[in-house]
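Observations on the three-dimensional arrangement
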Amino acid sequence: MPNCTHCQKRQAIAFTTFECYCQGCALDIALILLKHCQLSENSINALVANGWNLPVSTSHHYSATNIAQELNCSAQKIGRTANRLGLKIEQYGEWRLDQAANSRKQIETFWYNAAGKQRLIELLQGNDQL
Ligand SMILES: [Zn+2]
């Protein structure tokens, strides 16, 4: 077994194209990389759970598309309104990792809880200004 190319002290357990890492260095680098992705805590939990096939338990949430269908408007309008009025906060939902449409890229999208959905309905129903 080769030694870690990073600290050159311990035995490598993780291999990439050019480097190999011991357990400690692998974890350090994984955390640094993860930090640069600027994901929410919720998404990191989901990502870790997914990597180890752990079940992710979540309460019921609604996507912008779900709410748009109910209000008979576009998902873009929901997103725009939520951004403008600062509704993408913990009180109204959570950030989750989703597969981007037509791409393998993972993106963070905001999922609304019941309170967030209710707030959007109140704000948008019968209001053409938004
Ligand atoms: Zn090392």
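Residues numbered from 1 in each chain as written. Predicted model: local features only at pLDDT ≥ 70, side-chain atom pairs only at ≥ 80, totals over all residues.

This paragraph deals with the overall build of the chain. Across its full length, the chain holds five helices and four strands. The order of helices and strands in the chain, counted from the N terminus, is β-β-α-α-α-α-β-β-α. In summary, the chain has a C-alpha radius of gyration of 20 Å against a globular reference of 14 Å for 130 residues, an excess of more than 25%. For the chain, the C-alpha atoms occupy an extent of roughly 65 × 25 × 25 Å along the three principal directions. Burial status across the chain gives 17% buried among its 130 residues. A fraction of 38% describes how many contacts in the chain between residues 6 or more apart in sequence connect residues 24 or more apart. (Helix = DSSP H or I, 4+ residues; strand = E, 2+ residues; numbered from the N terminus. Rg over C-alpha atoms; globule rule 2.2 N^0.38 Å. Buried ≥ 20, exposed ≤ 12 C-beta atoms within 10 Å, placed from the backbone. Contact = placed C-beta atoms within 7 Å.)

Moving on to the domain arrangement of the chain. Considered domain by domain, the chain is made up of domain 1 (1–36) and domain 2 (39–130). Look at where the C-alpha atoms of domain 1 and domain 2 centre, and you get two points 35 Å apart. (Domains from an automatic or database assignment.)

Here the focus is the environment of Leu 34. The residue Leu 34 is located in helix α1 (residues 23–36) in this model. In this structure the C-alpha to C-alpha distance between Leu 34 and Ile 44, which are ten residues apart in sequence, comes to 8.0 Å. Ignoring any residue separated from it by four or fewer positions in sequence, one finds Leu 34 in contact with Leu 39 and Ile 44.

Okay, the nonpolar core next. One finds Ala 64, Ile 67, Ile 78, Ala 82, Leu 87, Tyr 92, Phe 110, Trp 111, Tyr 112, Leu 120 and Leu 124 forming the largest nonpolar core, which totals eleven residues. Those elements giving two or more residues to this core turn out to be α3 (64–71), α4 (75–84), β4 (106–112) and α5 (114–124). The leading source of residues in this core is β4, at three residues. In this view, Leu 87 contacts Ala 82, Tyr 92, Gly 116, Arg 119 and Leu 120; residues no more than four positions away in its chain are not counted. Core analysis: the second largest hydrophobic core is formed by five residues, Cys 4, Ala 12, Tyr 21 and Cys 25 among them. (Core = buried A, V, L, I, M, F, W, Y, C linked by C-beta atoms within 7 Å.)

Let's shift gears to unusual backbone geometry. The phi angle at Gln 8 is positive, at roughly 55 degrees, despite the residue not being glycine. Relative to the helices and strands, Gln 8 resides in the segment before β1 (14–15). One non-glycine residue, Asn 72, lies in the positive phi region at around 60 degrees. Since 8 C-beta atoms lie within 10 Å of it, Asn 72 is described here as exposed.

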